[in-house]
Amino acid sequence: MTGVANRSGMTMRRFTAGFSARGWARRSRIPSCVPRRALSAQVIDGLRTADIEALKVNQGRLMETLHETCQWGTGKRWGNGPFETGMSRLALSDADKQARDWFVETTTSLGCDVQVDEMGNIFAVRPGRQEGLATFAGSHLDTQPSGGRYDGILGILAGIEMLKVLKDNHFETEFPVGVVNWTNEEGARFPISMCSSGVWAGAIPLETAHNLPSVTSSSPAVTLRSELQRINYLGALPAHHTATPMAGHFELHIEQGPLLESSNQKIGVVHGVQAYRWFTVSVSGRDAHTGTTPLAQRADALLLAARMITHSHRLATKHKALASTGILTLEPGSTNTIPGSVKFALDVRAPEDGTVDAMEDDLKRDFARLAAGENVDGLLDGGTPGKPLEVNWRTDSVSPATKFHPDCIAAVRASAEAVTGDKGLVRDMASGAGHDSVYASRHCPTSMIFVPSKNGVSHNPEEYTSPEDCALGAEVLMQSVLRFDRARAGA
């Protein structure tokens, strides 16, 4: 793939001559996988940074650009203001193509070399004084079907703003810096979240990702690969960390929770992402007539599923974890028929892998006991015991707890304290949600920056972060990238 039509219909070059994955890695003077202890917090803290701290994000420009790009995939209106609409920009849709074309056109105009890999991941790199691997700001442009204007989008737009500030100020970085747009982070259209960064990290097979079906189409022929081809974003570059190695990865993101807002703090220094596992639990009983089957003769799959879901909440409370059910389906689905088959999703999360392990063990043990008719923790009190049922588990996704790199965390903390001018406005925290930074961290130093979410709301059209907080986060992102870049050079 060598070209893409821009918004005016003209074709521009996608790849810049002389910039290839092999050349990028070969010319680098550091290994493609930076050692986990490559730098030190003392190096980060002792940098000369007066010139970095003098660089300022243009808040008005940042927000104007963010809202301009939200014309592609505008979703549900929730208020009367011009920007009070959500987003529905599913991965590899026509709207996503328009946003991608804008990204390529804009980063090219800002002096970046741009590459697209086999998963449609877009890497835009601005040269530095020295040859070497680039330090990236990364996130995603795709959204939930009923999402907001900030989840993922803010991280990409802040990266673009960083490139604009560097150009405006004729600022030379020590090594290359860039912005990466990861494909299908949400997993809303092709049902594996963070699948493209997962392929890049070697954690998800390329064939598995390419064959993911579109949940918005009834045709099995519509896959992630076919849609990459359709919108002209199926790159020839291998989707692998050895083809596009990174020196570091920083991601600005809305918190998607209430902690920063409720504590009147402005910046979250993210030191890791909690572990999570997704399961599908299948309960098999027996369909029966509601009017002729006594309570003691029933094998009610829905009643058992309700007890299981209640018990998952109790166990999560006991283990200081989280357990949630967002999908429940039953058959046959008739008012006067006792459900004989139920399937429900179970999302289990905790800061430590061991806690998730313990939750899984307890859940499987107690669900089996409940299915056999045992009165676990009083769940049958006041009710009539019925017939035994069968329960089966399927593990859909496993994401271990992630610990981010201390050097990147130090760069974010130093930047946050410099930008806010007040350590009390900065909070160390873990992410409750998965992000592309999870997979990036497997092959390069990584950290994240959180900014407040109004009322803790996300994956909702009313998702909101104030312009002031967006700009603060963007400035922390820019400083973090530049501090890390300078530390690599020992400056």
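It should be noted that the structure appears before, not after, this text.
Nothing here was measured: the structure is a model prediction, and the numbers come from that model.

S.K.: What exactly am I supposed to notice about helix α6 (residues 153-168) here?
M.R.: Residues lying three or four places apart along an α-helix face the same way, a consequence of the helix completing one turn every 3.6 residues. Taking 1.5 Å of rise per residue, 16 residues should cover 22 Å, and α6 covers 22 Å from first to last C-alpha, within 8% of that figure. Along α6, 14 of the 16 residues are buried, which leaves the element largely enclosed by surrounding structure. Once α6 finishes, H170 follows within two positions and takes phi at roughly 50°, a positive value.

S.K.: What is the right way to read the nonpolar core from this model?
M.R.: For soluble globular proteins, nonpolar side chains are generally found buried alongside one another. Judged by nonpolar contacts, the single largest core of 96 residues is most densely connected at F103, L157, M162, L224, F250, L252 and L477. Here this core gets 10 residues from one element, more than from any other, and that element is α6. With sequence-adjacent residues up to four places away left out, F250 is seen in contact with T135, F136, A137, G138, C408, A411, V412, S447, L477, S480, V481 and F484. Judged by nonpolar contacts, the second largest core, of 30 residues, contains F279, L304, V391 and A401.

S.K.: Explain the environment of R129 here, please?
M.R.: As for its position among the elements, R129 is in the loop between β6 (122-126) and β7 (135-139). Residue R129 is classed as partly exposed on the basis of its relative accessible area of 47%. In this structure the C-alpha to C-alpha distance between R129 and E174, which are 45 residues apart in sequence, comes to 5.0 Å. Those residues in contact with R129, other than ones at most four positions away along the chain, are E172, T173 and E174. A distance of 3.5 Å separates a polar side-chain atom of R129 from the backbone oxygen of E172. Engagement of the side chain of R129 in a polar contact is seen with the side chain of E174, the distance being 2.8 Å.

S.K.: Would you mind going over the pairing of β7 with me for this structure?
M.R.: For β7, the tally of buried residues reaches 5 of 5 residues, placing the bulk of the element in the interior. Here β7 shows two buried faces, one formed by T135, A137 and S139 and the other by F136 and G138. Where β7 meets strand β8 (residues 177-181), 5 bridges bridge the pair, whose relative direction is parallel. Note that in β8 the partner of A137 across the bridge is V179. Handedness of the crossover is the feature at issue here: the chain leaves β7, passes through α6, returns alongside β8, and the resulting connection is right-handed. In this sheet, strand β9 (residues 248-254) lies alongside β7 in parallel orientation, the contact comprising 3 bridges. Opposite T135, over in β9, you have G248 as the bridge partner.

Rules and cut-offs
- Residues numbered from 1 in each chain as written.
- Predicted model: local features only at pLDDT ≥ 70, side-chain atom pairs only at ≥ 80, totals over all residues.
- Heavy atoms only, no water.
- Helix = DSSP H or I, 4+ residues; strand = E, 2+ residues; numbered from the N terminus.
- Expected span 1.5 Å × (residues − 1).
- Buried < 20%, exposed > 50% of the residue type's maximum accessible area, 1.4 Å probe, protein only.
- Core = buried A, V, L, I, M, F, W, Y, C linked by side-chain atoms within 4.5 Å.
- Contact = heavy atoms within 4.5 Å.
- Polar contact = N/O pair within 3.5 Å; in protein donor to acceptor, adjacent residues only side chain to side chain.
- Pairing = 2+ DSSP bridges.
- Right-handed = clockwise from strand over helix to strand, strands pointing away.

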